[in-house]
Amino acid sequence: MLSWERSPSLASMRCDRAWVEISLPAIASNVREFKRLLSPRTELMAVVKADAYGHGAVTVAQTALAAGASWLGVATIPEGIELREAGIQSPVLVLGATNTPEQIRAQVRWRLQPTLCTPQQALVFSETLESLNQSVPVHLKIDTGMSRLGVPWQQVAEFVGLVRRLPNLTIASIYSHFATADSPDPTGMQQQQARFQAAIGLLQAVGIPLPRLHFANSAATLTDPALHLDMVRVGLAIYGLYPAEHLKQTVDLQPVLQVKARVTQVKTLEAGTGVSYGYQFIASKEMRLAVVGIGYADGVPRNLSNKMSVLVRGQMVPQVGAITMDQMMLDASSIPDLQVGEVVTLLGCDGASQICAEDWAAKLGTISWEILCGFKHRLPRVPVGQLSAEKQPTVQ
Ligand SMILES: *Cc1c(COP(=O)(O)O)cnc(C)c1O
């Protein structure tokens, strides 16, 4: 809960300016859609790192678990603690690296399951846990080609052998991560998959019992059922976005997040008038200008200035001039009677029209993951349906 929400007068102002609407039924539907793809032996981890890709970790986690996810994935220890403090009991895997005795103690205290990537890290874990007289399940990460975290795949047998000999550690899973799962070219994935299989084969050859194995992110889960193994780790798709154009036919995902703001002033500009810092836009004829209460400090990238449109009354309306920290301007000439307080949709649906995170990502030369994670905490996350009347909502 954000601190200002404890104040009733501020709580009533939650959606006076700009906010993010989250459809929890859409999250549940996306999780169920993924569960349908999986065999009964395959578990689904909902990846809720980075505040559930900006959607609000606790509500998303609760919704995903109720819809059939059985694990949660976070990047950091504080992200895991937030889930535990909210009373969430499911297993939580910390996907990021943790190394210090303090981090190890925190994971024990909050029952967060660590990822181990190097022999040195395993030794520190074992020593620290011995001094605490605690034992924890650990997840071993293998680098099969992402070149990020993980022990090089050629060294898996030694690494697993070491961890098995160390006291106070039990191997709960072995996993790896794909670098190119969203590419239509399967070469990179096939190479990683072959390396993973080779590494697992080495373990089997020396008689090491296999723990849970997992490899697939959203894209890999959609690409090939052979990659599902014992668990899939699904992030982006839970939030209703497809990891790649060529994977759009595979499942029916519901969009989850909408970004909305209100018109705060409307005025007429004479031809030749400059708009916003630097006059990147100059009215070529008389125009109706609307000011909207959302800007780059809310997470709308400033590089979208003069390039984006928003939806007002179901119509596409162009944004004009530089996007400023807290506000932006629209050319609202097509809606001459536009009123202060009306709702503008930056991302999401209005009538038959829709603007998605992919549209922004394409304009910016980035990926939809980054767009979702960019919305700041200044924007309250509101479950859809909590806002009833468009103009003056009653907010709980
Ligand atoms: C973020 C992450 C995922 C989820 O990836 P998506 O492409 O969003 O599904 C899975 N595994 C690991 C290790 C991750 O860091």
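Use the structure listed above.
What counts, and at which threshold
Residues numbered from 1 in each chain as written. Predicted model: local features only at pLDDT ≥ 70, side-chain atom pairs only at ≥ 80, totals over all residues. Heavy atoms only, no water. Helix = DSSP H or I, 4+ residues; strand = E, 2+ residues; numbered from the N terminus. Polar contact = N/O pair within 3.5 Å; in protein donor to acceptor, adjacent residues only side chain to side chain. Near = heavy atom within 4 Å. Areas by Shrake-Rupley, 256 points an atom, 1.4 Å probe, with all protein chains shown as cover. Buried < 20%, exposed > 50% of the residue type's maximum accessible area, 1.4 Å probe, protein only. Contact = heavy atoms within 4.5 Å.

Undergrad: Any chance you could explain the side chain of Glu-342 here in plain terms?
TA: Examined against the element boundaries, Glu-342 turns out to sit in the loop between strand 17 (328-331) and strand 18 (343-350). One polar contact links Glu-342 to Arg-313, side chain to side chain, over a distance of 2.7 Å. For Glu-342, the side chain forms a polar contact with the main-chain nitrogen of Gln-339, separated by 2.9 Å.

Undergrad: Hey, could you run me through the site of the ligand in this one?
TA: Of all residues adjacent to the ligand, which total 13 residues, the nearest are Lys-49, Tyr-53, Ser-218, Arg-233 and Leu-236. Separating an oxygen atom of the ligand from a side-chain N or O atom of Lys-49 is a distance of 2.6 Å. At a separation of 2.5 Å, an oxygen atom of the ligand approaches a polar side-chain atom of Ser-218. Protein chains bury 92% of the 390 Å² of accessible surface belonging to the ligand in isolation. Every element with two or more residues in the shell around the ligand is listed here: helix 3 (49-54) and strand 10 (231-234).

Undergrad: Which parts of the structure should I look at to understand the environment of Ser-173?
TA: Here Ser-173 shows up in strand 8 (residues 169-175). By relative accessible area, which is 0% here, Ser-173 ends up buried. Beyond its immediate sequence surroundings of up to four residues, Ser-173 is in contact with Val-138, His-139, Leu-140, Pro-211, Arg-212 and His-214. There is a polar contact of 2.7 Å between the side chain of Ser-173 and the side chain of His-214.

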